[in-house]
Amino acid sequence: MEPLEQLKSDCEVEDNAPIERSDTVLNEETFEKILNVVIKQKWLRTKNAELKYLVSQCANNESLDLVFELLERFTYLDPNEADTKINEITNMIFSDARISPENTIFCALHNDPHSDSAPVILQQIRNQLVDEDGWSERHFINNIGSLINLYNGQENIILVDEFVGTGYQAKNLIKRLHQKSIKSDKNRIILYVIARMESSIDHLNDTIDEYYSTITMKRGISDYNTSDETALKILTMRNLEENLLPERNNQTWKSLGAGASETLYGSRIGTAPANLFPIFWWKWDAQNRRRKNLLNRGASNAK
């Protein structure tokens, strides 16, 4: 069974599962907040202990309100939803009449042996095309390093990934194609992703020809509040971050997420991006104790 198909099977059980119960006593207002967010965000149905832990880290009503505001705004894709988004990408790609097996090559946008979601997306697209209409395995390259070695003059270089945050990592990888003279006036570099931060668009414009996403997200605090409200909520978030251990085993987190992205995105097909607010994924509290984090993140997928 393919990895994404296995995850989809697992999630069928999760979706039908009742909301986890807990012996922890909550006041009526907090209980109602948790109930409302769990109804809206079904992925939280099996995260009862993690939600209660997050609530326990809130020292006042301002921090509690902010946490639930962000959870309400969160975009989380289960495997079925991710599969739908990958199909949207496939449909976008092949609505372009300029793309054919004779002039196109695909590549997962990564060069990291620990990368997870970009190869999954490439595999899903490959599964839909291989052995049909002239497409074969040779059209699909697993990483940027291999693309540099195998590129053979195709007019369309299609890069795929799950998520782009600041765009810095994506830009650095794509710059390698420019440095190796693979990018020219005779070809196009086109990037397709499931989700991106709106701010990444301008940052990548000078390195790619076209950039498409099924979801475009704004900053979780700054783009939804007035300047005065934003200043207060950013301060509240930084106070929450004081509960986090700054560094452990040469790994660290950035305030408000990498690049101060204020990202509110996660999925079951990949680990959480470093652009996500660290209170949702960092594993260690200020006393070096293991936290009950809502999401987990690999060490090397800052976007």
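Everything discussed here concerns the structure shown above.
Residues numbered from 1 in each chain as written. Predicted model: local features only at pLDDT ≥ 70, side-chain atom pairs only at ≥ 80, totals over all residues. Heavy atoms only, no water.

Here we look at the overall build of the chain
Inference 1: Across its full length, the chain holds ten helices and nine strands.
Inference 2: A total of 303 residues make up the chain; the buried ones form 52% of that total.
Inference 3: Once local pairs closer than 6 in sequence are excluded, the contacts in the chain between residues at least 24 apart make up 70%.
Inference 4: By element, 45% of the accessible surface of the chain is carried by carbon and sulfur atoms, the whole surface being about 14,700 Å². (Helix = DSSP H or I, 4+ residues; strand = E, 2+ residues; numbered from the N terminus. Buried < 20%, exposed > 50% of the residue type's maximum accessible area, 1.4 Å probe, protein only. Contact = heavy atoms within 4.5 Å. Areas by Shrake-Rupley, 256 points an atom, 1.4 Å probe, with all protein chains shown as cover.)

Concerning the pattern of salt bridges
Inference 1: Applying the stated criterion across every chain, the model contains 16 salt bridges.
Inference 2: Across the pair E69 and K233 runs a salt bridge whose closest N-O atoms are separated by 2.7 Å. Taken together, the residues span a long stretch of sequence, with E69 in helix α4 (residues 61-73) and K233 in helix α10 (residues 227-241) at a distance of 164 residues.
Inference 3: Under the relative-accessibility criterion, K233 is labelled partly exposed at 21%.
Inference 4: Where R126 meets E137, a salt bridge forms, and the shortest distance between an N and an O atom there is 3.6 Å. A residue pair is termed long-range when its members are at least 10 positions apart, and R126 in helix α6 (residues 117-129) and E137 in the loop between α6 and β3 (140-141) qualify at eleven residues. (Salt bridge = Lys/Arg side-chain N within 4 Å of Asp/Glu carboxyl O.)

Quick notes on the packing of α4 against α10
Inference 1: Running from N to C, α4 and α10 point in directions that differ by 100°, and their axes come no closer than 10 Å. In terms of orientation, α4 and α10 fall into the roughly perpendicular class. Contacts between α4 and α10 involve E62, S63, L66, V67, E69 and L70 from the former and K233, T236, M237 and L240 from the latter.
Inference 2: Of the residues belonging to the contact of α4 with α10, the class tally is five nonpolar, two polar and three charged. (Axes fitted to C-alpha atoms, helices over the stretch in contact; angles between N-to-C directions. Parallel < 35°, antiparallel > 145°, perpendicular 65-115°, else oblique. Nonpolar A, V, L, I, M, F, W, Y, C, P; charged D, E, K, R; others polar.)

Here's the deal with the environment of A272
Inference 1: Mapped onto the secondary structure, A272 falls in the segment after β9 (265-267).
Inference 2: Along the chain, A272 and L295 lie 23 residues apart, while their C-alpha atoms are 6.3 Å from each other.

Some remarks on the pairing of strand β2 (residues 104-108)
Inference 1: Where burial is concerned, most of β2 is hidden: five out of the five residues are buried.
Inference 2: Of the two faces of β2, the one carrying T104, F106 and A108 and the one carrying I105 and C107 are both buried.
Inference 3: In this structure, β2 lies alongside strand β4 (residues 156-164), joined through five bridges in parallel fashion. Within β4, the residue paired with I105 across the bridge is I157.
Inference 4: Two strands pair when backbone bridges link them, and β2 and β3 are joined in this way by two bridges, in the parallel orientation. Across the sheet, C107 pairs through a bridge with I141, a residue of β3. (Pairing = 2+ DSSP bridges.)

The analysis is restricted to geometry; functional conclusions fall outside its scope.
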